[in-house]
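# Reading the structure
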Amino acid sequence: QSGQAAVIESVKAASEIYAPVSGEVTEVNSALDDAPETVNGDPTGGGWLFKMKASDATELDAMMDEAAYQAYVDGLD
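Each chain has its residues counted from 1, following the order in which its sequence is written. For a predicted model such as this one, the threshold for reporting local features is a pLDDT of at least 70, and the threshold for listing and counting side-chain atom pairs is 80 or more; totals across whole chains, interfaces and linings nevertheless cover every residue. Side-chain calculation: all heavy atoms of the structure are included, whereas hydrogens and water are not.

### What about the overall build of the protein?
Broken down by element type, the protein carries 2 helices and 4 strands. Strands are runs of DSSP state E lasting at least 2 residues, helices are runs of H or I lasting at least 4, and numbering of each runs from the N terminus. The order of helices and strands in the protein, counted from the N terminus, is β-β-β-α-β-α. Based on the C-alpha atoms only, the size of the protein along its principal axes is roughly 35 × 35 × 25 Å. Exposure categories follow from relative accessible area, calculated using a 1.4 Å probe and restricted to protein chains: below 20% of the type maximum is buried, above 50% is exposed, and the middle band is partly exposed. Across the 77 residues of the protein, 13% fall into the buried class. Two residues form a contact once any of their heavy atoms are found within 4.5 Å. Residue pairs in contact within the protein that sit at least 24 positions apart in sequence constitute 44% of those at least 6 positions apart. Note that accessible areas follow from Shrake-Rupley with a 1.4 Å probe, and for residues the cover is restricted to the protein chains shown. Accessible area for the protein stands at about 6,100 Å²; split by element, carbon and sulfur atoms hold 50% of it.

Here's what the structure looks like:
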């Protein structure tokens, strides 16, 4: 079962980040401690938050790939 994996804070608020699948966090991007703006500037590169090992890889089947997510976002306009 997926659950809260991290909390991210900004000047105005703190928000929970939930893991997209169940599993174990295996690495945290400590580079963000000194450069948190990287999350906004390079979210698919150096701005990653954590890496995890999924406990049930079949949960990934229900997730959107990048193209499907972009189509979803484009449809929000």
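### Looking at the layout of surface pockets
Size it by volume and the largest pocket reaches roughly 670 Å³. Residue lining of the largest pocket: 13 residues in total, with Pro20, Pro43, Thr44, Phe50 and Met63 positioned closest to the centre. Contributions of two or more residues to the lining of the largest pocket are made by strand E2 (14-18) and helix H2 (66-74). The dominant element in the lining of the largest pocket, judged by the number of residues it contributes, is H2, at 3 residues. Classes in brief: Ala, Val, Leu, Ile, Met, Phe, Trp, Tyr, Cys and Pro nonpolar; Asp, Glu, Lys and Arg charged; the others, Gly included, polar. In terms of residue class, the lining of the largest pocket is made up of 9 nonpolar, 2 polar and 2 charged. The definitions used throughout rest on a 1 Å grid laid over the protein atoms alone, on which a cavity is an enclosed set of points accommodating a 1.4 Å probe that cannot get out and a pocket is an open set flanked by protein within 12 Å on both sides along at least five of seven lines; lining residues are those having an atom within 4 Å of a point. Grid points are joined across faces, edges and corners, and a volume is the space filled by probe spheres set on the points. In this structure, the second largest pocket occupies an estimated 410 Å³ of space. Taken together, 18 residues line the second largest pocket, and the ones lying closest to its centre are Val7, Ile8, Leu32, Val39 and Leu49.

### Considering the packing of aromatic side chains
For this analysis, a ring pair means two rings from Phe, Tyr or Trp (six-membered ring only for Trp) whose centres lie within 6.5 Å, classed as stacked if their planes differ by under 30 degrees, edge-to-face if by over 60, and tilted for the remaining angles. Going through the model one piece at a time under the given rule, you end up with 1 aromatic pair. Any Lys NZ or Arg CZ that is within 6 Å of a ring centre and within 35 degrees of that ring's normal is treated as a charge sitting over the ring. The lysine or arginine in question, Lys51, covers the ring of Trp48, its NZ or CZ lying 4.8 Å from the ring centre.

### Focus on a nonpolar patch on the surface
Like-charged residues within 9 Å of one another, or nonpolar side chains (Val, Leu, Ile, Met, Phe, Trp, Tyr) within 5 Å, are grouped into patches, provided each residue has over 30% relative accessible area and no salt bridge. Salt bridges, as used here, are contacts in which a Lys or Arg side-chain nitrogen is within 4 Å of a carboxyl oxygen on Asp or Glu. The grouping of Met64, Tyr69, Tyr72 and Leu76 at the surface amounts to a nonpolar patch, some 460 Å² of accessible area in total. Tracing the backbone through its elements, the reader meets Tyr72 in helix H2. Given the relative accessible area of 46%, Tyr72 is considered partly exposed.

### A short note on the environment of Leu49
Mapped onto the secondary structure, Leu49 falls in the loop between helix H1 (38-41) and strand E4 (50-54). The exposure class assigned to Leu49 is partly exposed, which follows from its relative accessible area of 27%. Counting along the chain gives 20 residues from Leu49 to Asn29, while the straight-line C-alpha distance between them is 5.4 Å.

Bear in mind that shape data such as this cannot, by itself, settle questions of function.
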